Each structure stands twice: as C-alpha cells, then as structure tokens.
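Descriptive structure summary
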Amino acid sequence: MSKVLGAGAAAVACVALAGSPASAGTNTAHARSMGHHGCSFNSEGWFVADGDTLYIKDTCAEGDDAMLKVDVAPMKSEEWNYDHLIRNSGGKGSTKVENGFNFPEGKKICISVGSAKGREMGGFGPWKCGTT
C-alpha cells in the first residue's frame, strides 16, 4: 500500500512542477579581458540569471574604463554588433551593477569584457554565454 501511495505522491509532484513558472536561467562564467599594462586581465564581468543582473569590475589600475558587451539572442554575427554596452568608470576595484533590463526568459545571453580609454575600446576576451 505504501508503494502505491508513494507513486501517487510522485505523480502529483510531477504535475505540480509542470505547472510551475519557468525557473531562472543559467549564469555565465566570469568573462575576463585581455591583460596589458602589467595586469593579467584588466576587467571582469558576469551575468546572474536570477534578477537579470550584469556586473562589470575594473581589476587594473591602468586608467582605462572597464567595458562589458552584452548580446542577447538572436545573436549578432559581427564582433562589434551587440545589444548593450556597459561602462564602469569607477577605477580599480569598483564594480558596476546593472539590473534594469528584464530580458525575456529562456534566451541565450553572451558577454565579453574589455577596456576603453575615451572612445577607443579593445582587449575584449572571449564571449561567455548563459541563459536568461
């Protein structure tokens, strides 16, 4: 009798889960820029799916700003074509947080991190991807 009740409870749990709202997506790994001016990398960024939050941290005291490129599906084919660009001008050790995007659920999101001095940007590392 207990096996029958256990199977029934499992079936009810499966139905309850199927009707629940979508869960949070997948966070990206930490993306890092190329290193220069004596730093192994000049900036670091990441995406946290719970709350659609983007972070960009300046990790080098070279005087450049930390830059975060954000591309949300459908993905753009060219390196310099993306959906959002976030700049952190706070200096070494500062982290800028952006969480006002409200991305659609279940979309692929990729980030790449670099640095900038004025309007000149460069040193972007490889794209790191997750889901919203």
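Placed above this text is the structure.
Let me sum up the structure you'll find in this document.

Definitions and limits used
Residues numbered from 1 in each chain as written. Predicted model: local features only at pLDDT ≥ 70, side-chain atom pairs only at ≥ 80, totals over all residues. Heavy atoms only, no water. Core = buried A, V, L, I, M, F, W, Y, C linked by side-chain atoms within 4.5 Å. Buried < 20%, exposed > 50% of the residue type's maximum accessible area, 1.4 Å probe, protein only. Helix = DSSP H or I, 4+ residues; strand = E, 2+ residues; numbered from the N terminus. Contact = heavy atoms within 4.5 Å. Polar contact = N/O pair within 3.5 Å; in protein donor to acceptor, adjacent residues only side chain to side chain. Pairing = 2+ DSSP bridges.

Counting residues in hydrophobic clusters, the biggest one holds 14 residues, and the most contacted among them are Leu54, Leu68, Val70 and Phe103. Of all the secondary structure elements, the ones that give two or more residues to this core are β3 (53–58), β4 (65–72) and β7 (108–117). The greatest single-element share of this core, amounting to 4 residues, is contributed by β4. In this structure Val70 touches Leu54, Tyr82, Asp83, His84, Ile86, Phe103, Ile109, Cys110 and Ile111, once residues within four positions along its chain are discounted.

Along the polypeptide, Glu44 turns up in strand β2 (residues 43–48). In terms of polar contacts, Glu44 uses its side chain to reach the side chain of His30, at 3.1 Å. Only 3.3 Å separates the side chain of Glu44 from the side chain of Arg32, close enough to count as a polar contact. If near-sequence neighbours (up to four positions away) are discounted, Glu44 is found in contact with His30, Ala31, Arg32, Tyr55, Ile56, Lys57, Thr59 and Val113.

On the basis of which strands lie adjacent, the open sheet formed by 4 strands has the order β1-β2-β3-β6 and antiparallel pairing. Sheet topology places β1 (31–32) and β6 (95–98) at the edges, where each strand pairs with a single neighbour. Strand direction decides the pairing type here: β1 and β2, joined by 2 bridges, are antiparallel. When the bridges of β2 are listed, Arg32 appears paired with Glu44.

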